[in-house]
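Chain by chain, the residues:
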6 protein chains.
Amino acid sequence: MKEYFIDLSKFMMANSSFEESDGVIFSVPYDGTTSFKPGTREGGNAIRISSWGLETYSPILDRDLSELKYCDLKDLDLYGNQEEIFNTVYSVSKEILKEGKKIIVFGGEHSITYPIVKAVKDVYKDIIVIQFDAHCDLRDEYLGNKLSHACVMRRIYELTKHIFQFGIRSGDREEWKFAKKNNIYLKMDLMNKDDLKYIIELDKPIYLTIDIDVLDPAYAPGTGTPEPCGFSTKELLNSLYLLKKVKDKIVGFDIVEVSPIYDPANITAITAAKIVRELMLMIL
Amino acid sequence: MKEYFIDLSKFMMANSSFEESDGVIFSVPYDGTTSFKPGTREGGNAIRISSWGLETYSPILDRDLSELKYCDLKDLDLYGNQEEIFNTVYSVSKEILKEGKKIIVFGGEHSITYPIVKAVKDVYKDIIVIQFDAHCDLRDEYLGNKLSHACVMRRIYELTKHIFQFGIRSGDREEWKFAKKNNIYLKMDLMNKDDLKYIIELDKPIYLTIDIDVLDPAYAPGTGTPEPCGFSTKELLNSLYLLKKVKDKIVGFDIVEVSPIYDPANITAITAAKIVRELMLMIL
Amino acid sequence: MKEYFIDLSKFMMANSSFEESDGVIFSVPYDGTTSFKPGTREGGNAIRISSWGLETYSPILDRDLSELKYCDLKDLDLYGNQEEIFNTVYSVSKEILKEGKKIIVFGGEHSITYPIVKAVKDVYKDIIVIQFDAHCDLRDEYLGNKLSHACVMRRIYELTKHIFQFGIRSGDREEWKFAKKNNIYLKMDLMNKDDLKYIIELDKPIYLTIDIDVLDPAYAPGTGTPEPCGFSTKELLNSLYLLKKVKDKIVGFDIVEVSPIYDPANITAITAAKIVRELMLMIL
Amino acid sequence: MKEYFIDLSKFMMANSSFEESDGVIFSVPYDGTTSFKPGTREGGNAIRISSWGLETYSPILDRDLSELKYCDLKDLDLYGNQEEIFNTVYSVSKEILKEGKKIIVFGGEHSITYPIVKAVKDVYKDIIVIQFDAHCDLRDEYLGNKLSHACVMRRIYELTKHIFQFGIRSGDREEWKFAKKNNIYLKMDLMNKDDLKYIIELDKPIYLTIDIDVLDPAYAPGTGTPEPCGFSTKELLNSLYLLKKVKDKIVGFDIVEVSPIYDPANITAITAAKIVRELMLMIL
Amino acid sequence: MKEYFIDLSKFMMANSSFEESDGVIFSVPYDGTTSFKPGTREGGNAIRISSWGLETYSPILDRDLSELKYCDLKDLDLYGNQEEIFNTVYSVSKEILKEGKKIIVFGGEHSITYPIVKAVKDVYKDIIVIQFDAHCDLRDEYLGNKLSHACVMRRIYELTKHIFQFGIRSGDREEWKFAKKNNIYLKMDLMNKDDLKYIIELDKPIYLTIDIDVLDPAYAPGTGTPEPCGFSTKELLNSLYLLKKVKDKIVGFDIVEVSPIYDPANITAITAAKIVRELMLMIL
Amino acid sequence: MKEYFIDLSKFMMANSSFEESDGVIFSVPYDGTTSFKPGTREGGNAIRISSWGLETYSPILDRDLSELKYCDLKDLDLYGNQEEIFNTVYSVSKEILKEGKKIIVFGGEHSITYPIVKAVKDVYKDIIVIQFDAHCDLRDEYLGNKLSHACVMRRIYELTKHIFQFGIRSGDREEWKFAKKNNIYLKMDLMNKDDLKYIIELDKPIYLTIDIDVLDPAYAPGTGTPEPCGFSTKELLNSLYLLKKVKDKIVGFDIVEVSPIYDPANITAITAAKIVRELMLMIL
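Residues numbered from 1 in each chain as written. Chains lettered and ligands numbered in written order. Predicted model: local features only at pLDDT ≥ 70, side-chain atom pairs only at ≥ 80, totals over all residues. Heavy atoms only, no water.

Going by the annotation in an unreviewed UniProt entry, the name recorded for chain A is Agmatinase, with Methanocaldococcus lauensis given as the source organism.

Shown next, in the form of structure tokens:
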């Protein structure tokens, strides 16, 4: 019977078995620390469904998803408090990475990047984390929580000093001071060729985290804390295409903060899906 | 890895294999003849996702979905024109029915009931079709199409004279004349105990088709042709509970015309999901 | 060329010329005094477009719109301040009524009923006004305006003492006192057979005004000041069907306060359209 | 300057100082354990804003809000994890109750009722809790959390055995067993006069908790876990009006689970606001 | 009476009779082959209604719609299957063109362009077709249909080899191969002055087809298959203004794929209306 | 008790008393002359609520709202007809300005700028008005009203000849003629350094009025008359940052035409809030 049916709830073309996959998609439907507008828990499935409105072929990369091997494990089944949930995210990520597979994670809110990076570090030791985001997320704690979405890069900074932040246009004064004081590579603009040079020179495994709010709210209205004065999708992708030079170094990426309830025409989800397609076509 | 993940895109608890299943869910994402407001193609997946907001246990029936064996084949992969698509619906339905399994189908528009009933008839020969609907759907053709959603009961009437129509409050004059002239069992009210007697007496396999617009638009706004002056969900379910008396006779049912784009708070989808749960708990 | 095209922006079947019409539809896209949520200016066109989702035949009245003669003049072209606009409403209404035609008016807000009733009175002298509404609208002035939607029945009471108010469940204390003191026929319930007797006895021309918010917000969410604890569409229509006994006395009616921007699934507009269809089938 | 301005973000007529108030409104914008659809954190402010679309006068109770003395403290400023937040809810509630004032709390999700009831118990010792809800909320734990919204009545049952549950139509099998085994007063129907007798006989201080999902999704679409087959607003209010007999016993109430993002026409919020108005007119 | 009323359902200023018109607007409410998100059938009327929010004067072209002569025939009344419908589109288009009038067509989905171009070819013989679109629409067949929206340019290529495709950023690998192999003028960028030279040199009648999804989803969210990385409205209009040089050669244009149900703030429709205004001011 | 609560209905950080404030925020919930899509009356509160999604710190200006002293008086309590309302706006504005405080006003529709500018003129005599807008608003009257939103700059021109209009891309022919004839400084582009020179040279108190529709509908969908081909938020802010050079001259500003009912993801309101934050950080 299977041949008559189609499962539109997987990311398109995710037809390989786990074993044969070079890339493994899963989502973390967690928005427990979201302070402004909740709803990112449904982001992963929105990206999956929207992916079917795109082609599998990228004319810019001249590659097709049918050439890749990847699977989609769907939503992590959350249980317990934030610590327990993050332990699961960590374990699952590590297990996948240890088998030499690349991970592609859909949020959920940005806090989930921390346990993933922890797993990446434990597997790859010395790593680079590249972030595209409107917010620097460098608070030491937020509303009494050290694992808040607003603190994620601060926690990651404790794992690796090699963090690169692009598109940043929001944060409180303390965060900017912290970045300056610690010489963190924080730019209001997107990554350009000169920025990439530093990354190339470091010559380390790279994990990439994309908060969809790096885009302007016009391009990505469906997100928890939209921040005006952002970038267009074309600008973001042109910056990401630069990473082709280090594509073999990239061991995984996430795309977080897609919030379908604030995305009435689904343009945020389909934009996230296109970014995922292009990145998968680059790194797998 | 599987144990860490959950697939929210299946109807809840649809965990059995096809082989061991007593009931088989699938959906037909077809709205090609819809004349007023399209969008029912996404109805099946909306019902699935919404089901997770319900409990698996029904206090009225004192039964739990975990006691049943059923699977969910997801969306039929449509290809070709209406005739080709309907051939597939027919073949798939027949194949399932022939193995003695009951079918549970999510629309899509109401026209899809025709190939299903054709399969039911071919397997079970002499059958009863019970319809809950706002519209009698007895046109001979509509906008030049004999397989339009507006003609589905007319076509079915050509398959079996044992049709029972409940909740009907809309149709053109010709349809009402046709019903009267042919002594069709058509009622503006829902099925009551007296109506059921006739059905019991016939003592034949029963197929049940529920157009969600039998409910008032207040209860089911998300549908293609909402018709005011309908019923509440409680009234509909109380009528359906009467079918417990003939539950072994029921070989399948469909629920059609759920249109998520007109269902901003998802109440239509969750209402459909509850009807599905209660019917499955009754007939499986 | 005309025969190939259809104008979905008229109320369905409004195909007669003005001259041959027994009934004349027009709308007044005015919401200038709306105090809570504006938007009823677009109500008329929403009713028109939604009408195409209904059948032209009423099984309850066993009549079809194709048997009637009526036209649809569309939106009044508003110009000037409230007084000037109301003068135009008055003149247009009077001109239609003087030719012995019945008027069917779509709001806009409820204040527009005043100039219509003034025209009705000037043509028919001694008249009855029957109102279905959640609010008594008996304030002497509201926010400094004597022609506010909240004052419309007070102004009409100055034109005729024969007012009947049904479904009323909201007003300030002064309004209820005024109604009691002046022995106004105000009921929280809908009109029943006993109420109708008084109307029949008076034996005068009748104008009917329906504020869609007489329905519960579940049935008519798209309105300016939704008031919980209202009626279902079925209850309202059953009450209106009683008017068949005085159908020849009814010289016109309006339906007001439909607000499409708060009606995401269009159920309020289609409900209003069905009420219009049933009333036209009764009085034309 | 103050006299020229109006603050539409308070519940209407909440013009008394804290000191002179007999009733104190506040809201708890917490939805941290919400498992299905988040967003109730914004419920309180939606109720406030919607209240301005209602009159201050109730024709049924023949009382006006202007006769009462109450204030609105707005949103509790949340900080820390669930335990810390609940401690604040507890302290604030207790402080208000200790001054002999009645509390009116807007959710947020249902879990917030637990710390309130704890405060009520600590101040009034032996108390009755009456719940109107679609769900029995009697789980011992949910997703690893004993303070989940799905466990609130189980926790409250540990504080007082005098709990009355009305409108209940959903729960898992264990919850229904627990209720039966412990002789909990759980009814699928709303409270009637006979039910009230038991409450009167107990002759104890009463706290009332209303989950808006006791209403049918048609009447209250904007909620986290809508459950079909519920009640109309009129049915609910008619049941609540019975409490006039024990109005002096009622020391406070909450209304929870209003979720504005799923309430596109705001009818859920305005319905909640009307319930609040009627209850305040009864108990203050 | 007519002078008191306004018909907001026509494109603004479409006040000429068919006979005296230089341009004729009509719409084709067809979305029967739409594979992803249906709803473009309502696109034409959304463009019409939105046009009233614009001025009739263009400061860039320094021309006013009041200087033009055009009429609006509204929606084609669809009947029958796709072939029959397309025959009607063809006949109507041809009849208008034969009288030397220019045609302005609102979709519906993109497939409708095929019968229009067929009519243009039959009247004008050797023609140029310029397309602005995100998708190349060069598939030979799609889901078993050779007349699918995804095949429209392939079919048109069979009518004329003079096709120019601009803004293209999506298609499957076969389509790009086909374009390359056949030397089709396909560009990812919009038309610039150099591109125009080729068009001018050809010196033939021009038909222009604009798929609104050539714009980025930020600018045109309301469309069937939004494709990220598109253009701004300003960029598109600046490209279209170049056509002033060949304005007398342009015999008509269409604008397709506007889908109001995914356009909650109507910005897609108003953007389409502005494009229509500017093009009419250029070519009529 | 106050310390436990937060009032999210004020613009963030508006914690100073009126007396100690250097800037005073208030809103005018008036949309009485709106001709196309009403709803801007709720714009002010939408801006306030959205402000809480932003940081208080601006990395570009390196200033924090906590360094400023300002209060928020909330909504003006409207009463009477347009003239009476405008008198109140005038009086309140004047009273604030006379105490040397700067005013920050949220619309409502654009017509409200006239009484504010009248107050500014009466206090500061010879003034400059800088407008950012899609529409020139230079009509002498509109729909019979000289105080319409479409006439506001014409009325202001009668108060001062020093008006500067930027971003203008819409108006009728007469308006453009009037501007040309009277040498009004009207530009289709945003203000650049050269434009600023003229303003600096004039050396007069400046009032700034920003109609949110100067932005493209992609960036500000939630407005009464969206006009395609506008600017991005980044472009607008970069132009506004130029005003730092004359920041001490600026005595107030307004931001008008935010319409939350057409702003489903709230991006218009949050964009307006960011503009307000940046301007306050510049001028207070």
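Visitor: Provide a residue-level description of the overall build of chain A, including the pertinent values.
Guide: Scanning chain A from terminus to terminus reveals 8 helices and 11 strands. Each of the three principal axes of chain A carries a C-alpha extent, and together these read 60 × 40 × 35 Å. Long-range pairs, those at least 24 residues apart, make up 77% of the contacts in chain A between residues at least 6 apart in sequence. Carbon and sulfur atoms form 48% of the exposed surface of chain A, whose accessible area is close to 9100 Å². In chain A, the 36 positive side-chain charges and the 44 negative ones have mean positions that sit 5 Å from each other. (Helix = DSSP H or I, 4+ residues; strand = E, 2+ residues; numbered from the N terminus. Contact = heavy atoms within 4.5 Å. Areas by Shrake-Rupley, 256 points an atom, 1.4 Å probe, with all protein chains shown as cover. Lys, Arg positive; Asp, Glu negative; His and termini not counted. Charge placed at Lys NZ, Arg CZ, Asp CG, Glu CD.)

Visitor: Got a sec to walk through helix 2 (residues 82-98) of chain E? Specific residues and values, please.
Guide: A rise of 1.5 Å per residue sets the reference length of helix 2 of chain E, with its 17 residues, at 24 Å; its end C-alpha atoms lie 24 Å apart and thus fit the reference within 8%. Listed as buried for helix 2 of chain E are Gln82, Ile85, Phe86, Val89, Tyr90, Val92, Ser93, Ile96 and Leu97 of chain E. Looking at the buried side of helix 2 of chain E, the elements it contacts are strand 1 (5-6) of chain C together with strand 2 (23-28), strand 5 (70-76), strand 6 (102-107), helix 3 (113-124) and strand 11 (250-256) of chain E. (Expected span 1.5 Å × (residues − 1). Buried < 20%, exposed > 50% of the residue type's maximum accessible area, 1.4 Å probe, protein only.)

Visitor: Break down the state of the cysteines for me, with residues and values.
Guide: Residue and element names in this part refer to chain B. Overall, the coordinates contain 0 disulfides over all chains when judged by the stated rule. Its sulfur unpaired, Cys136 is 11 Å from the next cysteine sulfur, which belongs to Cys151. Counting only cysteine sulfurs, Cys136 is the nearest neighbor of Cys229, a cysteine outside any disulfide, at a range of 16 Å. (Disulfide = S-S within 2.5 Å.)

Visitor: Tell me about the packing of aromatic side chains, and name the residues and values.
Guide: All names here are of chain B. Scanning all chains against the criterion turns up 54 aromatic pairs over all chains. With centroids separated by 6.0 Å and ring planes inclined at 50 degrees, the aromatic side chains of Phe11 and Phe106 adopt a geometry described as tilted. You can see Phe11 sitting in the loop between strand 1 (5-6) and strand 2 (23-27) and its partner Phe106 sitting in strand 6 (residues 102-106), a full 95 residues away along the chain. Take Phe11: its relative accessible area is 0%, and that puts it in the buried class. Take Phe106: its relative accessible area is 0%, and that puts it in the buried class. (Phe/Tyr/Trp six-rings, centres within 6.5 Å; stacked < 30°, edge-to-face > 60°.)

Visitor: Before we move on, could you go through the relation of the copies chain A and chain E and cite the residues and values that matter?
Guide: Mapping chain A onto chain E calls for a screw motion: a turn of 120 degrees about the axis and a shift of 0.0 Å along it, with 0.0 Å RMSD after fitting. Overall, the copies show the geometry of a three-fold rotation axis. Among all residues of chain A, the minimum C-alpha distance to the rotation axis is found for Ala218 of chain A, at 3.1 Å. With a heterologous cut-off of 20% or less, the 12% of interface residues of chain A that recur at the interface of chain E puts this contact in the heterologous class. (Least-squares fit on C-alpha atoms with pLDDT ≥ 70 in both.)

Visitor: Before we move on, could you go through the environment of Ile130 of chain A and cite the residues and values that matter?
Guide: In this fold, Ile130 of chain A is placed in strand 7 (residues 128-132). Setting aside its immediate chain neighbours within four residues, Ile130 of chain A contacts Phe164, Phe166, Ile199, Ile206, Tyr207, Leu208, Thr209 and Leu243 of chain A.

Visitor: Any chance you could break down the UniProt feature "binding site: Mn(2+)" (unreviewed entry) in chain A for me, citing the residues and the numbers?
Guide: Residues and elements named next belong to chain A. When the UniProt feature table is mapped onto this chain, "binding site: Mn(2+)" (unreviewed entry) is found at His110, Asp133, His135, Asp137, Asp211 and Asp213. In sequence the annotated residues extend across 104 residues, while in space they remain close, none of their C-alpha pairs exceeding 12.3 Å. Take Asp133: it is sitting in the loop between strand 7 and helix 4 (152-157). Exposure remark for Asp133: the relative accessible area of 0% places this residue in the buried category. When residues no more than four places from it in sequence are discounted, the contact partners of Asp133 are His110, Phe166, Gly167, Ile168, Asp211, Asp213 and Val214. Within the structure, the side chain of Asp133 is placed 3.1 Å from the side chain of His110, a separation counted as a polar contact. (UniProt positions renumbered as here; feature names shortened; annotations may be inferred. Polar contact = N/O pair within 3.5 Å; in protein donor to acceptor, adjacent residues only side chain to side chain.)

Visitor: Hey, could you go over the environment of Lys146 of chain C for me, with residue numbers and the actual values?
Guide: All names here are of chain C. Tracing the backbone shows Lys146 in the loop between strand 7 (128-132) and helix 4 (152-157). With 35 residues separating them along the chain, Lys146 and Ser111 place their C-alpha atoms 9.8 Å apart. Among all residues touching Lys146, those that are not within four sequence positions of it are Asp140, Glu141, Cys151 and Arg155.

Visitor: Outline the sheet that holds strand 5 (residues 70-76) of chain C, listing residues and values.
Guide: Sheet strands pair by backbone hydrogen bonding; their relative direction is either parallel or antiparallel. An order of 9(C)-8(C)-7(C)-10(C)-11(C)-6(C)-2(C)-5(C)-1(E) is seen for the 9 strands of this open sheet, with the pairing classed as mixed. The strands lining the two open edges of the sheet, one partner per strand, are strand 9 (185-187) of chain C together with strand 1 (5-6) of chain E. Two elements, strand 2 (residues 23-28) of chain C and strand 6 (residues 102-107) of chain C, share 6 bridges in a ladder whose sense is parallel. Among the inter-strand pairings, Val28 of chain C is bridged to a residue of strand 6 of chain C, identified as Gly107 of chain C. Docked against the sheet, helix 6 (residues 193-202) of chain C engages strand 7, strand 8 (163-166), strand 9 and strand 10 (206-211) of chain C, running at close to 160 degrees with respect to strand 8 of chain C. (Pairing = 2+ DSSP bridges. Axes fitted to C-alpha atoms, helices over the stretch in contact; angles between N-to-C directions.)

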